[in-house]
Amino acid sequence: MDDLYREIILDRYENPQNRGVIKGGREAKEANLMCGDKLKITVKIEKGVIKDAKFEGGGCAISMAGVDLLLDKIKGMKLAEVKKMSGSEIEKMMGVELTAARKRCAYLGLEVLKKL
Amino acid sequence: MRIKREFEVFGKNKNLSYLDSGASCLKPKSVVKKLLEYYREYPVNIHRGVYEMSSKASEEYEKSREMVAEFIGAKEKEEIVFTAGTTEGINMVARGMEKRFKKGDEVLVTELEHHSNLVPWQELVRRKGGKIKYIKIDKKFKLNISDLDKLVSKKTKFLALTQVSNVVGSVNDIEKIVSIVKKINPEILVVVDGAQAVGHMGVDVQKLGVDFYAFSGHKMYGPVGVGVLYGKKKLLEEMEPSTFGGGMISEVGREVSAWARVPEKFEAGSRAIAEVVAMQEAVAFLKKKGFCWEIERELIKRLSVRLGEIEEVRVFSALESGILSFTVLGVHSHDVAEILSRRGVAVRSGHHCAQVLHKVMGVESSVRVSLGIYNEEKDVDKVVEGVKEALKIFKK
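Residues numbered from 1 in each chain as written. Chains lettered and ligands numbered in written order. Predicted model: local features only at pLDDT ≥ 70, side-chain atom pairs only at ≥ 80, totals over all residues. Heavy atoms only, no water.

A. How the structure looks around the overall build of chain B. The secondary structure content of chain B amounts to 14 helices and 15 strands. A compact globule built from 396 residues would reach a C-alpha radius of gyration of about 21 Å, and chain B, at 22 Å, matches this within 12%. Over its C-alpha atoms, taken along the principal directions, chain B stretches across nearly 75 × 55 × 35 Å. Here chain B holds 396 residues, and the buried ones make up 58% of them. (Helix = DSSP H or I, 4+ residues; strand = E, 2+ residues; numbered from the N terminus. Rg over C-alpha atoms; globule rule 2.2 N^0.38 Å. Buried < 20%, exposed > 50% of the residue type's maximum accessible area, 1.4 Å probe, protein only.)

B. Geometry of the overall build of chain A. Each helix and strand in chain A was counted, giving 6 helices and 3 strands. For a compact globule of 116 residues, the expected C-alpha radius of gyration is about 13 Å, and chain A comes in at 13 Å, within 12% of that figure. Taken over 116 residues, chain A has a buried fraction of 48%. Considering only contacts within chain A whose residues lie at least 6 apart along the sequence, 61% involve residues at least 24 apart. Roughly 5,700 Å² of accessible area belongs to chain A as shown, and the carbon and sulfur atoms make up 49% of that amount. For chain A, the centre of its 23 positive side-chain charges and the centre of its 18 negative side-chain charges are spaced 8 Å apart. (Contact = heavy atoms within 4.5 Å. Areas by Shrake-Rupley, 256 points an atom, 1.4 Å probe, with all protein chains shown as cover. Lys, Arg positive; Asp, Glu negative; His and termini not counted. Charge placed at Lys NZ, Arg CZ, Asp CG, Glu CD.)

C. Structural context of the sheet that holds strand β11 (residues 313-316) of chain B. All names here are of chain B. The 4 strands are arranged β11-β12-β15-β14 in an open sheet whose pairing can be described as antiparallel. A single partner strand is all that each edge strand has here, and the edge strands are β11 and β14 (348-350). Taking the axes of each pair of neighbouring strands and ignoring which way they run, one obtains an average angle of 25 degrees across the sheet. Note that strand β12 (residues 323-328) and strand β15 (residues 366-370) share 4 bridges and pair antiparallel. (Pairing = 2+ DSSP bridges. Axes fitted to C-alpha atoms, helices over the stretch in contact; angles between N-to-C directions.)

D. Seen up close, the sheet that holds strand β3 (residues 49-57) of chain A. Residues and elements named next belong to chain A. Reading across the sheet, the 3 strands line up as β1-β2-β3 and stay open at both edges, with antiparallel pairing between neighbours. The open sheet has two free edges, formed respectively by β1 (26-31) and β3, since each of these has just one partner strand. Ignoring which end each strand starts from, the neighbouring axes of this sheet average 20 degrees apart. As defined by bridge partners, strand β2 (residues 38-46) adjoins β3 across 8 bridges and the pair is classed as antiparallel. The residue of β3 that forms the bridge with K44 is D52. The sheet strands contacting helix α2 (residues 61-74) are β2 and β3, and the helix crosses β3 at an angle near 165 degrees.

E. Geometry of the interface of chain A and chain B. In this assembly, 20 residues from chain A lie in contact with 16 residues from chain B. Carbon and sulfur atoms supply 47% of the area buried between chain A and chain B, which totals about 1,400 Å² over both sides. Connecting chain A to chain B are 2 salt bridges. Here R102 of chain A ties to E338 of chain B by a salt bridge, and the two come within 2.5 Å at their closest N and O atoms. Counting across the interface, chain A meets chain B through 6 residue pairs in polar contact (both at pLDDT 80 or more). At the level of secondary structure, the elements contributing two or more residues to the side of chain A that touches chain B comprise α1 (7-14), α2 and α5 (100-106) of chain A. It is α1 of chain A that provides the largest number of residues to the side of chain A that touches chain B, a total of 4 residues. Partitioned by chemical class, the residues of the side of chain A that touches chain B number 11 nonpolar, 3 polar and 6 charged. (Buried area = accessible area lost by both parts, 1.4 Å probe. Salt bridge = Lys/Arg side-chain N within 4 Å of Asp/Glu carboxyl O. Polar contact = N/O pair within 3.5 Å; in protein donor to acceptor, adjacent residues only side chain to side chain. Nonpolar A, V, L, I, M, F, W, Y, C, P; charged D, E, K, R; others polar.)

F. Structural detail: the confidence of the model for chain B. Within chain B, residue pLDDT values average 97, and 100% of them lie at 70 or more. Interface predicted TM-score (ipTM) for the complex: 0.85; the corresponding pTM is 0.94. (pLDDT = per-residue confidence, 0-100.)

G. Broad picture of the packing of aromatic side chains. Residues and elements named next belong to chain B. Per the counting criterion, the structure on display carries 19 aromatic pairs over all chains. Members of the aromatic cluster, connected to one another through ring pairs, are F7, F10, Y18, Y221, F285 and Y374. The side chain of K4 reaches across the aromatic face of F10, ending 5.0 Å from its centre. (Phe/Tyr/Trp six-rings, centres within 6.5 Å; stacked < 30°, edge-to-face > 60°. Lys NZ or Arg CZ within 6 Å of the ring centre and 35° of its normal.)

H. Fine view of the pattern of salt bridges. Residue and element names in this part refer to chain B. According to the stated counting rule, one finds 42 salt bridges over all chains in the structure shown. With its nearest N and O atoms 3.8 Å apart, the salt bridge here joins D381 to R306. Of this pair, D381 sits in helix α14 (residues 377-394) while R306 sits in helix α11 (residues 293-308), placing them 75 residues apart in sequence. Given a relative accessible area of 17%, D381 falls into the buried group. The exposure class assigned to R306 is partly exposed, which follows from its relative accessible area of 33%. In this structure, K378 engages E376 in a salt bridge whose closest nitrogen and oxygen atoms are separated by 4.0 Å. Relative accessible area serves as the criterion here: at 22%, E376 is assigned to the partly exposed category.

I. Here's a closer look at the pairing of strand β6 (residues 189-193) of chain B. All names here are of chain B. In terms of burial, β6 is largely enclosed, as 5 of its 5 residues are buried. Here β6 shows no split at all, with L189, V191 and D193 on one side and V190 and V192 on the other all buried. In terms of strand pairing, strand β5 (residues 156-162) meets β6 through 5 bridges, oriented parallel. Among the inter-strand pairings, F158 is bridged to a residue of β6, identified as L189. Taking the sense of rotation as the criterion, the β-α-β connection linking β5, helix α7 (residues 174-184) and β6 turns out right-handed. (Right-handed = clockwise from strand over helix to strand, strands pointing away.)

J. Region of interest: the packing of α11 of chain B against α14 of chain B. Residue and element names in this part refer to chain B. Running from N to C, α11 and α14 point in directions that differ by 20 degrees, and their axes come no closer than 9 Å. Comparing their axes, α14 and α11 come out roughly parallel. Seen from above, α11 lies across α14 with right-handed handedness. Seen from α11, the contacting residues are L299, R302, L303, R306 and L307; seen from α14, they are E377, V380, D381, V383, V384 and V387. Residues of the contact of α11 with α14, tallied by class, amount to 7 nonpolar, no polar and 4 charged. (Parallel < 35°, antiparallel > 145°, perpendicular 65-115°, else oblique. Left-handed = near helix turned anticlockwise from the far one by under 90°.)

K. Representation of helix α3 (residues 52-71) of chain B within the structure. Residues and elements named next belong to chain B. Taking 1.5 Å of rise per residue, the 20 residues of α3 would be expected to cover 28 Å, and the 28 Å separating its terminal C-alpha atoms lies within 8% of that figure. Residues of α3 that are buried include every one of S54, A57, S58, E60, Y61, E62, S64, R65, M67, V68, A69 and F71, and no others. On its buried face, α3 sits against α2 (29-41), β2 (80-83), β7 (212-216), β8 (227-231) and α10 (273-289). G73 occupies a position one or two residues after α3 and carries a positive phi of about 75 degrees. (Expected span 1.5 Å × (residues − 1).)

Here's what the structure looks like:
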């Protein structure tokens with residue numbers, strides 16, 4: 001078993017659960033400066049709580065799996081709480097330890113959410 | 001490989017296959033030694049010190065200028081301006097020569113350009129009101145030189161182009177291009193990005209016929225933080241400085257000041273003295289070892305053939321120098337680079353500061369292999385093995 005490219009990461013990369021756009025939702029986007037990949041996230045918020053979240057864009061396995069898992073996690077959370085999340089929580093979720101370069105890929109989703 | 005002994009970094013990283021020289025070449029021991037020589041023996045400021053140590057530092061600094069001038073075939077050493085790197089040099093020209101650019105004028109660039117030789121021109125055009133035009137590339141990543149007749153006119157004030165593409169390795173025939181465009185418009189100024197050329201092939205700015213030629217120290221086995229802008233003396237005299245302050249003046253009054261002569265007027269403030277001094281050793285290293293572009297090109301051809309045998313791989317290279325980029329279907333370039341990294345293979349992934357070119361290539365990002373004097377067959381072969389491994393991981 002590959003340490004970094006674990007089943008959960010490759011599976012989420014190939015079969016993302018949260019891909020798409022929420023019409024009428026709040027949106028934010030950001031590009032990964034290393035490769036130019038763009039990521040857009042739309043969320044549906046009711047009474048300050050995130051009811052649904054989806055993403056659109058391309059990227060490496062780490063960034064795509066990272067955002068897909070992150071969106072699972074934030075459903076039901078308050079936006080204010082999400083904005084307080086740290087990158088290390090994403091690594092924990094993914095079950096991997098990343099090099100500095102790949103942290104930028106993995107944290108991209110959170111950076112976008114913080115712009116909401 | 002004998003040459004590796006001259007690079008300290010291989011001592012602790014015996015398994016390293018460094019294929020990222022396009023981003024920065026490794027630095028030989030002689031360059032590092034010279035850097036330290038400054039800090040150990042004459043670590044003081046240059047020019048206006050009368051004491052012996054300062055005069056030694058000044059001498060070493062100016063010796064670098066002489067050696068670089070001779071190295072690239074400049075007519076005189078005053079034509080060599082020390083900068084922070086290629087990007088700064090090109091920005092200095094785009095700013096300093098903007099008087100020549102009137103509303104409605106044009107800058108001609110190519111689809112191969114690194115952002116450093118594109119964005120400064122976009123800014124010039126935005127400031128003054130004008131147009132950017134592109135020399136397109138063909139399927140083999142070669143410039144369509146036959147379009148020059150249509151693209152160049154009296155309105156074209158600058159032609160900004162690279163000598164060697166940092167993504168697909170095309171080697172542009174600068175001499176020929178200069179002669180064509182100057183025939184149509186003798187006033188056009190040709191600004192060449194030589195970052196990927198000087199460390200790999202002999203450059204003679206007079207033979208090339210260029211007006212300005214910019215490059216970086218660390219892409220020719222020299223220190224990071226120093227670069228060179230060559231300009232024809234008359235043009236440097238015409239060019240306005242864009243950084244003002246100490247060291248670049250002849251006289252300062254309460255309201256206005258007068259500039260020093262070329263090249264001092266472009267070297268304001270305290271400079272990266274150690275780095276400039278160590279450029280001597282980068283030049284000496286290249287002169288002693290000779291240029292290795294033909295060897296690099298042959299290695300790239302080998303890599304291209306082998307990668308070409310893998311169905312999922314698309315190769316982007318003119319196969320004219322030591323640079324090749326590729327994509328792997330189903331595996332993002334970052335993931336390929338990550339998997340290669342575990343085998344000790346250092347490559348770059350992303351758009352390599354050439355997003356316009358990547359649009360033409362039809363991909364967002366790619367993996368780039370760029371060679372240096374320390375590379376051999378086993379380095380490029382490790383890339384092929386790594387790509388196969390990446391496919392295995394992702395195609396389970």
